[in-house]
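Listed here are the chains, written in short residue letters.
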Amino acid sequence: MSLMCRNLPRVDNTSMDDGGPTALASRALREVYGYATFRGDQADIVEHVTNGGDAIVLMPTGGGKSLCYQIPALLRQGTGIVVSPLVALMEDQVTALRGLGISAAYLNSTLSWEGQREVEAAHRSGELDLLYVAPERLLGEGTLGLVASGKPALFAIDEAHCVSQWGHDFRPDYLGLDTLAKRWPGVPRIALTATATLQTREEIATRLGLGAARLFVSSFDRPNIRYLIEPKAQVRDQLLRFLRDKHPGEAGIVYTMTRSSTEEVASWLRARGVEALAYHAGMEASERRKVLNRFLREDGVVVVATIAFGMGIDKPDVRFVAHIDLPRSVEGYYQETGRAGRDGLEAEAWMAYGLSDVIRMRRLLATSEVDSPSHRRNQEAHLEAMLALCETVECRRVNMLGYFGESSSACGNCDTCLAPPESWDATVPAQKLLSTVVRLRRERNERYGAGQVIDILRGKTTDRVEARGHSTLSTWGIGADLDVAQWRAVTRALLARGELAVEEGGHGVLGITPSGWEVLRGDREVAVRREVIAPPAPKARRKRAAGAGVGASAGVGASAGAGAGAGTAPSGPEDSRTRPLFEQLRAWRAAEAKNRGVPAYVIFHDSPLRSIAEFRPSTLDELSEISGVGKAKLAAYGEAILAIVHP
Ligand code: ADP
Ligand code: ZN
């Protein structure tokens, strides 16, 4: 079946001329994938697994996990068996591999009976380099027997965090995968995930029987993603401005909390000319598949989704991920935003967050039924970390990487680095607010949410203030010097810092905590992030300018890594030179993809097209020098591309 890969010598019958496994791996990287060098730990992982070692690989999304099992599978005798929960994506993954000249197939419930028989026959006869299997399928005796009837080269367990029972993505079938070790003790196993925490790591090791495996932990930094968190005012308008000003016509994901809001926001955006589709777990499977397919195959589709839309969305050119509700944990947030910019080109993670989010999350926690106190503490700790990220006046990336146990320095590519926020001393306002909460309780035996407390502080005579006689409280009107937004910021900070609490049994009613008393007594100071609620359109322009400035001095552009380093919002002379050719190549790619019925990125990612537009190769040899142009692609598309570059 496969041309290229069958021509690669296998390690088992390497002669000295081939230079051993390391040289063979480099050759596969160059010839099959068209890449010049391995990234990060890739070379070590490939060598270790090719030599028969077990491995646990933690690498961020977009880090390049796939090569870590694909190349050893090409180099070892037999078929690499890849366990993956991503049934909906297997077909595209296999198509992409075949486009590289790799002999790949998949087994899952979407295959016809004949299709399945064909794949089985191919595996038995040893024709396959890689076979993708859903875990529930693999563990059936039929499939285990099938695997045994051919020669497994290795087992790759993708999305290995699915074995973690605490995680969002738990799949009971993953628990059965330790069987592989027992049945094929000599075959190397490699577990891969983008989930970084220590707990997940340990669960993978114990539950998959990989206690003795070598652990490879990469940096979790994704330098090409710019992190932006802004205070929530009119969130839909803010979102629309973000899409229009910074990502017109680009593909991205908007995460929101509830199923109904995915639909509302998507249709609101559609009415304003944005190609937006809703996605959530309550939709019919066929409907969900349709949305996923449009997102993967069409250019510039925006999906408004709950976290059900996620794992394995390995579309390389997602240009932004937006959150319009507060995520439940930094871990989840990092994973969700990590879906942006897998191609290494510039991408943005944008979040709007406000007081209502904090109150809702605190209330959810206070009222949620959990099976154990430790589970509740676990959830609380997640929320604390998330709030700390939102309120920090320091680099967002330093904060997040720190959460994963990685130390780093200010990144130059997040909102706080680009426009350092000021903080102001809100100790006195905080005392006024806390004192109001305490007085309402002590003097009136009443409890209220933030709205009423702020009305009292600002001395606003509403019906409720009058009915309750709140204007006679000694704190009535003592906070007229601050506006509502400032008071909400103070409230949010106190909630985030744990000095105020949302109490059980009410609609977001506030109570003071022991550390709140310290503030009230003057033992603790309160610094609050100064909010710049500038009109977003000019702000976006300013940010871009600021970004360019920092980029020039601190190398932000260079950190984007892959490709020509061109951003998503091109500017400058270089872009005006390369842009028309890039657009021509994109149009050619779209037509080619349509003809072949595959997603555009299966033909080429954006970054090789950008490099082609920049370097204008004149010969096939020159074209083959472009990163991402391997032998199979050169043979399939080389002439067509040269004809476009030099008409
Ligand atoms: P992950 O599975 O870790 O999210 P992928 O394996 O999909 O990441 O790789 C992300 C992108 O990086 C892909 O487009 C892939 O082709 C590219 N890539 C991986 N390794 C290299 C490399 N050594 N050089 C250049 N590009 C690479
Ligand atoms: Zn930063």
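Structure first, text after, so check above.
Now for a quick tour of the structure. Just so it is clear, the structure is predicted and the values come from calculations on it, not from any experiment.

## Some remarks on the overall build of the protein chain
- A tally of regular secondary structure across the protein chain gives 30 helices and 17 strands.
- For the protein chain, the residues scored as buried account for 54% of the 647 residues in total.
- Expressed as a percentage of contacts within the protein chain between residues at least 6 apart in sequence, the contacts between residues at least 24 apart total 73%.
- About 27,100 Å² of surface is accessible on the protein chain, with carbon and sulfur atoms providing 49% of the total.

## Some thoughts on the coordination of the zinc ion (ligand 2)
- For the zinc ion (ligand 2), the full set of protein donor atoms is Cys395 (SG), Cys411 (SG), Cys414 (SG) and Cys417 (SG), at a range of 2.3 to 2.4 Å.
- Geometry at the zinc ion (ligand 2) is tetrahedral, judged from its four donor atoms and the angles of 102 to 118 degrees they form at the metal.
- One chain supplies every donor for the zinc ion (ligand 2), spaced along it as C-x15-C-x2-C-x2-C. Separated by 16 residues along the polypeptide, Cys395 in the loop between α16 (373-391) and α17 (396-403) and Cys411 in the loop between α17 and α18 (415-418) bring together distant segments of the chain.
- Cys411 gets classed as partly exposed once you look at its relative accessible area, which sits at 22%.

## Brief notes about the site of ligand 1
- By nearness alone, 15 residues border ligand 1, and Tyr35, Gly62, Ser66, Arg342 and His605 come closest of all.
- Here an oxygen atom of ligand 1 sits 3.4 Å away from a polar atom, N or O, in the main chain of Gly63.
- One of the side-chain N or O atoms of Arg342 is found 2.6 Å from an oxygen atom in ligand 1.
- If ligand 1 stood free it would expose 570 Å²; the protein chains cover 84% of that surface.

## Overview of the packing of helix α11 (residues 235-246) against helix α12 (residues 259-270)
- Two elements in contact, α11 and α12, have axes separated by 11 Å at closest approach and are oriented at 55 degrees. Relative to α12, α11 is oriented oblique. Judged by the twist between their axes, the crossing of α11 over α12 is right-handed. Every residue of α12 that contacts α11 at Arg236, Asp237, Leu239, Leu240 and Leu243 is listed here: Glu264, Val265, Trp268 and Leu269.
- Broken down by class, the residue content of the contact of α11 with α12 amounts to six nonpolar, no polar and three charged.

## Side note on the sheet that holds strand β2 (residues 79-83)
- Taken together, the seven strands give an open sheet; going across it, the order is β3-β4-β2-β5-β6-β1-β7, and neighbouring strands pair in parallel fashion. Only two strands of the sheet have a single partner each, and these edge strands are β3 (104-107) and β7 (214-217). When strand polarity is set aside, the average angle formed by the axes of neighbouring strands in this sheet is 20 degrees.
- Of the pairings in the sheet, the one linking strand β5 (residues 152-157) to strand β6 (residues 189-193) comprises three bridges and is parallel in character. Across the sheet, residue Phe155 finds its bridge partner in β6, namely Arg189.
- Set on the sheet, helix α3 (residues 42-50) makes contact with β1 (55-58), β5, β6 and β7; between it and β7 the angle comes to about 160 degrees.

## A closer look at α12
- Between its first and last C-alpha atoms α12 spans 17 Å; for twelve residues at 1.5 Å apiece the expected length is 16 Å, and the two agree.
- Within the sequence span of α12, burial applies to Ser261, Thr262, Val265, Ala266, Trp268 and Leu269. In an axial view of α12, the angular spread of the buried residues amounts to 165 degrees, which keeps them on one side of the axis.
- Those residues of α12 that are buried lie in contact with α11, β10 (276-279) and β11 (302-305).

Rules of the game
Throughout this description, residue numbers start from 1 for each chain and increase along the sequence as written. Going through the entries in the order they are written, you letter the chains from A and number the ligands from 1. For this predicted model, a pLDDT threshold of at least 70 governs which residues receive local features, and a threshold of 80 or more governs which side-chain atom pairs are given and counted, while totals over whole chains, interfaces and linings are taken from all residues. The side-chain quantities take in all heavy atoms of the structure and omit both hydrogens and water. Here a strand is any run of E in DSSP of at least two residues, a helix any run of H or I of at least four, and the numbering for each starts at the N terminus. The rule is simple: take the accessible area with a 1.4 Å probe, protein chains only, and divide by the maximum for that residue type; under 20% is buried, over 50% is exposed, in between is partly exposed. Residues count as neighbours in contact if any of their non-hydrogen atoms are within 4.5 Å of one another. Areas reported here follow the Shrake-Rupley algorithm with a probe of radius 1.4 Å; residue values treat only the protein chains shown as occluding. Donor selection uses N, O and S atoms within 2.8 Å of the metal (3.2 Å for Na, K and Ca). Since no water is included, sites may look incomplete. Note on geometry labels: four donors, all angles 85 to 135 degrees, give tetrahedral; four donors become square planar and six octahedral when opposite donors are over 155 degrees apart and every other angle is between 65 and 115; remaining cases are irregular. One heavy atom within 4 Å of a molecule or strand makes the whole residue count as near it. For the purposes of these results, a polar contact is taken to be a pair of N or O atoms within 3.5 Å, where, inside protein, one atom must be able to donate a hydrogen and its partner to accept one; residues adjacent in sequence count only when each atom of the pair is a side-chain atom. Note on geometry: axes are C-alpha line fits, over the in-contact stretch for helices, and angles between N-to-C directions span 0 to 180 degrees. We call two directions roughly parallel when the angle between them is under 35 degrees, roughly antiparallel when it is over 145, roughly perpendicular when it lies between 65 and 115, and oblique otherwise. In this scheme the handedness of a crossing depends on how the near helix is turned from the far one: anticlockwise by less than a right angle means left-handed, clockwise means right-handed. The residue classification treats Ala, Val, Leu, Ile, Met, Phe, Trp, Tyr, Cys and Pro as nonpolar and Asp, Glu, Lys and Arg as charged. All others, Gly included, are polar. Only strands joined by at least two bridges in the DSSP assignment are considered to pair. In this scheme, a helix's expected span is set at 1.5 Å multiplied by one less than its residue total. In this description, the arc belongs to the directions extending from the helix axis to the C-beta atoms.

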